[in-house]
Amino acid sequence: MHRRSNPLTAPVPKGSALAQFTATMLILEMMVCGFIALVAYGLKLASPGIVATMVGGTAALCLVSAVLMRRAKMTALAIGSFAQGLLLLVGVWMPGSLVVSIVFLGLWIASLYWGVKIDREREERRAEQAAWEAAHGIDGGGETRAQADPAAPEVADRRPPGTDPSDPDPAPEPPARAGN
């Protein structure tokens, strides 16, 4: 029997959407830097040392920023934004990669916007959940205060009769089809 989760009672993810989105973009950009280096080397647009310095340095900044994203978010965002600028400079040096650089800049901006927005909505959801649990006498573990502390005063349970408090979706099972 498969139970659907109720979006109103589903747990809120713990990680930061901003960190997840931006780290993903930085890892993808690191791969793009590798492809740009291969093209620049293959077309002999510059000496291998210049290619390694320009594109390899940008890829290294992307990697460092992605690794730092969970520990030092603001520093990682600054390094990642700097890497975006370097990728645009590489696009000026190698015009074929300018389109890719502009697309990744747009994706970087989108990941910043949506990451901040989702993190803000998750924080609002956590606050609403905590307020609801406090109003209904439920601690963070899903127990009522009376279950957690038998000496605590009893709080009326406001769930509809016949529902199981541990069931996240108290909807009844659909009726079985006849003739199957």
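**Student:** Sorry if this is basic, but what is going on with the pattern of salt bridges here?
**Tutor:** Counted under the stated rule, the structure contains one salt bridge. In this structure, the salt-bridge partner of arginine 126 is glutamate 123, at a minimum N-O distance of 3.3 Å. Taken together, the residues arginine 126 and glutamate 123, both in helix 4 (residues 98-135) and three residues apart, mark about one turn of the helix. For arginine 126, a relative accessible area of 29% corresponds to the partly exposed category.

**Student:** Honestly, helix 4 in this entry has me stumped. Any pointers?
**Tutor:** For the α-helix, the turn length of 3.6 residues means that residues three or four positions removed from each other point alike. The terminal C-alpha atoms of helix 4, which comprises 38 residues, lie 55 Å apart, in line with the 56 Å expected from a rise of 1.5 Å per residue. When helix 4 is considered as a whole, its buried residues turn out to be Ser101, Phe104, Trp108, Ser111, Gly115, Arg122, Arg125 and Glu133. Downstream of helix 4 by one or two residues, glycine 137 has phi in the positive range, about 70°.

**Student:** How should I be thinking about the nonpolar core in this particular structure?
**Tutor:** Within soluble globular proteins, side chains that are nonpolar generally end up buried alongside one another. Among the nonpolar cores identified, the biggest contains 24 residues, and Leu26, Ile36 and Met69 are the most heavily contacted of them. Counting residues per element, the ones that place at least two in this core are helix 1 (17-42), helix 2 (48-68), helix 3 (73-93) and helix 4. For this core, the element with the highest residue contribution is helix 1, accounting for nine residues. In contact with isoleucine 36, other than residues within four places in its own chain, are Val55, Leu87, Val90, Met94 and Ser97.

Thresholds, definitions, all that
- One numbering rule holds for all chains: residues counted from 1, following each sequence as written.
- Confidence filtering applies because this is a predicted model: local features only for residues at pLDDT of at least 70, side-chain atom pairs given and counted only at 80 or more, and all residues used for totals across whole chains, interfaces and linings.
- Side-chain figures throughout are based on the complete set of non-hydrogen atoms in the structure, without hydrogens or water.
- The salt bridge definition used is simple: a Lys or Arg side-chain nitrogen within 4 Å of an Asp or Glu carboxyl oxygen.
- Note on conventions: DSSP H or I runs of at least 4 residues are helices, E runs of at least 2 residues are strands, and numbering of each starts at the N terminus.
- Buried, partly exposed and exposed residues are distinguished by accessible area as a fraction of the type maximum, computed with a 1.4 Å probe on protein chains only: under 20%, between the cut-offs, and over 50%, respectively.
- Under the convention used throughout, the expected extent of a helix is 1.5 Å for every residue step, that is, one less than its residue count.
- Here, the term nonpolar core denotes a set of buried Ala, Val, Leu, Ile, Met, Phe, Trp, Tyr and Cys residues that are joined through side-chain atoms within 4.5 Å.
- Contacts are assigned to residue pairs with any non-hydrogen atoms lying within 4.5 Å of each other.

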